[in-house]
Amino acid sequence: MEIQRPRGTRDFLFKEMKERKNVESTIRQIFEIYGYNEIKTPIFEELSLFTTKSGEGIKDQIYHFQDKGGRDLALRPELTAPVARMYIKEFQKTPKPVKMYYFGSCFRYERPQKGRWRQFWQFGCELIGGKSPGSEAEIITMAAHCLEDLGLQNFEIHIGNLGILRNILNDTNISEDLQDQIMGIIDKGDVKELKTFLKDIDMDNDSKELLQKLIEMKGDSSIIKNVESIINCNKHACNALFELEELIKSLTAFGFSNYVVNLGIARGLDYYTGTVFEIYVPGLGAQKQICGGGTYNLIELFGGENVESTGFAFGFDRVMDALNKQKKSIEIEKSVKVFVAPIKSDMKLKAFEIAQKLRKKGIPTDVDVVGKKLKKILSYADSMGINYVVLVGARDIEKGKVTVKNMINGEQEIIDLENIADSIKSKLMN
RNA sequence: GCCGGGGUGGGGUAGGUGGUUAUCCUACGGGACUGUGGAUCCCGCGACUCGGGUUCGAAUCUCGGCCCCGGCCCCA
């Protein structure tokens, strides 16, 4: 019986793996340019780390188990909680802000569909202990920088601030439960549903109207002025709006302007405190969101000091989907460029010798180790995209020479064995 | 968790009113050729997703599982 791959998981073959590595290293480079350092946390954690953050209900959506010592453990479904946990133990007494990034796989027990897997990768960062419009602006700019360098087209960065909605809702004296429900509807962006929902709720009409207007507030920075005039009755909401204004000034200074102000972003989670942002790529269906982030207070929830953290995470697999959809192919380099082939089997050992000489000089080289015939070797080299084949034959070797065949145009050249590495290196340069 | 469409050699297809499945390309193995041979030609290899049911007989009909694709719910 054939053993299958677990549901919702993937094998990555050579080509795909190279593309993923390319994208990974691009993002990594940008993060480091902005002063972030990489960290890595375990694949599994105590189950309570995640239930504390997201509630007992989360158990339905994660892989959890007991180990042989009876500990309740879980495969991590995300990375912000592990990072917060690590911060409390390792970084509380480190000069602030602490800037870190991570890349790793996470696991969720959900029904797989397009852009959603049971094992998936997140590439994210945190700036801990330095909440300010400036750090938020820097982080958003960095996210955009990554996507630009990857050559992604048409991505939309939506920026909002939860403080505005939260404060308006707080002033209406409705229950927290109701507030959460309303936030959920607003996050969906469903104007009609919001209208119907508000109808049956005991709330003053001014606030109802305000909420309905805000959900549709979307556009460039000029809409802030409009919002200001709408909410002038609410002091706390105005403070949040001021934060947003400051953020936009900083973004301008960082030279980033390609954003959408969107006050309908709600990211229903309690621990988000102010600025939130999401990045969408049109054409990816229901999974169009490739990145989410904002400022939140998670550290205190886990028993640390009251320190706020700003961060975001790319859904790495969705970034790959978006790139693949837009580009015909992501540039990848063939790793092996030279193949050493004995013309007859009597030259087999000589071929090993020559191949190793090239490898020691840093030239990516393959050699026939299985005893294939020349015809097969050439065909194999051709299919592998090899640039040059070194033909090792007794006649040439007697004179201290080998034949180098250019696989693209078929031209051949007899060169000295003595300085073969240099000759091939200079050929590869051209 | 819910709804719909699927699963045929390693990859790509046809067949579907039950009766030895088949085909082309490709991949793989072997051969002709053996110091210019990446070509060509020949030979070979290899599959009906799994399990139960109906039947003399199931790739085909039926039920269930697994997996894939799309959508809903959800998305920390």
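None of these values were measured; they are calculated from a predicted model.

Definitions and cut-offs
- Residues numbered from 1 in each chain as written.
- Chains lettered and ligands numbered in written order.
- Predicted model: local features only at pLDDT ≥ 70, side-chain atom pairs only at ≥ 80, totals over all residues.
- Heavy atoms only, no water.
- Near = heavy atom within 4 Å.
- Polar contact = N/O pair within 3.5 Å; in protein donor to acceptor, adjacent residues only side chain to side chain.
- Helix = DSSP H or I, 4+ residues; strand = E, 2+ residues; numbered from the N terminus.
- Nonpolar A, V, L, I, M, F, W, Y, C, P; charged D, E, K, R; others polar.
- Core = buried A, V, L, I, M, F, W, Y, C linked by side-chain atoms within 4.5 Å.
- Buried < 20%, exposed > 50% of the residue type's maximum accessible area, 1.4 Å probe, protein only.
- Contact = heavy atoms within 4.5 Å.
- Domains from an automatic or database assignment.
- Expected span 1.5 Å × (residues − 1).
- Arc of directions from axis to C-beta.
- Pairing = 2+ DSSP bridges.
- Axes fitted to C-alpha atoms, helices over the stretch in contact; angles between N-to-C directions.
- Patch = residues over 30% accessible without salt bridge, like charges linked within 9 Å, V, L, I, M, F, W, Y side chains within 5 Å.
- Areas by Shrake-Rupley, 256 points an atom, 1.4 Å probe, with all protein chains shown as cover.
- Salt bridge = Lys/Arg side-chain N within 4 Å of Asp/Glu carboxyl O.

Side note on the protein's contact with RNA strand B
Okay, step 1: In the region of RNA strand B, 38 residues are neighbours, and Lys 53, Lys 344, Asp 382, Arg 395 and Gln 412 sit closest.
Okay, step 2: Among all atoms of RNA strand B positioned within 4 Å of the protein, those belonging to sugar or phosphate total 37%.
Okay, step 3: The separation between a sugar or linking oxygen of RNA strand B and a polar side-chain atom of Lys 53 is 2.4 Å.
Okay, step 4: Note that a base nitrogen of RNA strand B is positioned 2.6 Å from one of the side-chain N or O atoms of Arg 116.
Okay, step 5: Breaking the surface near RNA strand B down by element, the ones donating at least two residues are helix H2 (47-54), helix H13 (374-383), helix H14 (394-398) and strand S16 (401-406).
Okay, step 6: Here the surface near RNA strand B takes 4 residues from H13, the largest share from any one element.
Okay, step 7: Partitioning the surface near RNA strand B into residue classes produces 13 nonpolar, 10 polar and 15 charged.

Description of the nonpolar core
Nonpolar side chains in soluble globular proteins tend to be buried together.
Okay, step 1: Within the largest apolar cluster, 104 residues are counted, with the highest numbers of intra-cluster contacts made by Phe 31, Ile 182, Phe 277, Phe 312 and Phe 314.
Okay, step 2: For Phe 314, the residues in contact, after removing those within four places along its chain, are Ile 27, Phe 31, Trp 121, Gln 122, Phe 123, Ala 143, Cys 146, Leu 147, Ile 290, Cys 291 and Val 319.

Describing the side chain of Ser 250
Okay, step 1: Note that Ser 250 resides in helix H10 (residues 235-253).
Okay, step 2: Judged by its relative accessible area of 19%, Ser 250 is buried.
Okay, step 3: Among residues more than four places away in sequence, those in contact with Ser 250 are Pro 133, Gly 134 and Ala 137.

Brief notes about the domain arrangement of chain A
Okay, step 1: For chain A, the domain assignment lists domain 1 (14-326) and domain 2 (338-429).
Okay, step 2: On a C-alpha basis, the centroid separation for the pair domain 1 and domain 2 is 54 Å.

Quick word on helix H12 (residues 348-360)
Okay, step 1: Taking 1.5 Å per residue as the helical rise, H12 with its 13 residues ought to reach 18 Å, and the 19 Å between its terminal C-alpha atoms agrees with that figure.
Okay, step 2: Restricting attention to buried positions, one finds in H12 the residues Ala 351, Ile 354, Ala 355 and Leu 358. Buried residues of H12, viewed axially, fall in a sector of 100°; they line one side. Of the exposed residues in H12, those oriented more than 90 degrees away from the buried face are Leu 349 and Lys 360.
Okay, step 3: Looking at the buried residues of H12, the elements they touch are strand S13 (338-342), strand S14 (365-367), strand S15 (388-392), H14, S16 and helix H15 (420-429).

Brief notes about the sheet that holds strand S3 (residues 64-66)
Okay, step 1: Read across the sheet, 3 strands follow the order S2-S4-S3 without closing on themselves; strand pairing throughout is antiparallel. Either end of the sheet is taken by a strand with one partner, and the two such strands are strand S2 (44-46) and S3. Pairs of neighbouring strands in the sheet enclose a mean axial angle of 35°, with direction left out of account.
Okay, step 2: Summarising the sheet, S2 and strand S4 (residues 72-75) pair through 3 bridges and their orientation is antiparallel. Looking at S4, one finds that Phe 44 is bridged to Leu 75.
Okay, step 3: Its contacts with the sheet place H2 against S2, S3 and S4, and it is angled at close to 70° to S2.

Topic: a nonpolar patch on the surface
Okay, step 1: Among the surface-exposed residues, Ile 43, Phe 44 and Phe 65 lie close enough to one another that they form a single nonpolar patch of about 260 Å² accessible area.
Okay, step 2: Mapped onto the secondary structure, Phe 44 falls in strand S2.
Okay, step 3: For Phe 44, a relative accessible area of 45% gives the class partly exposed.

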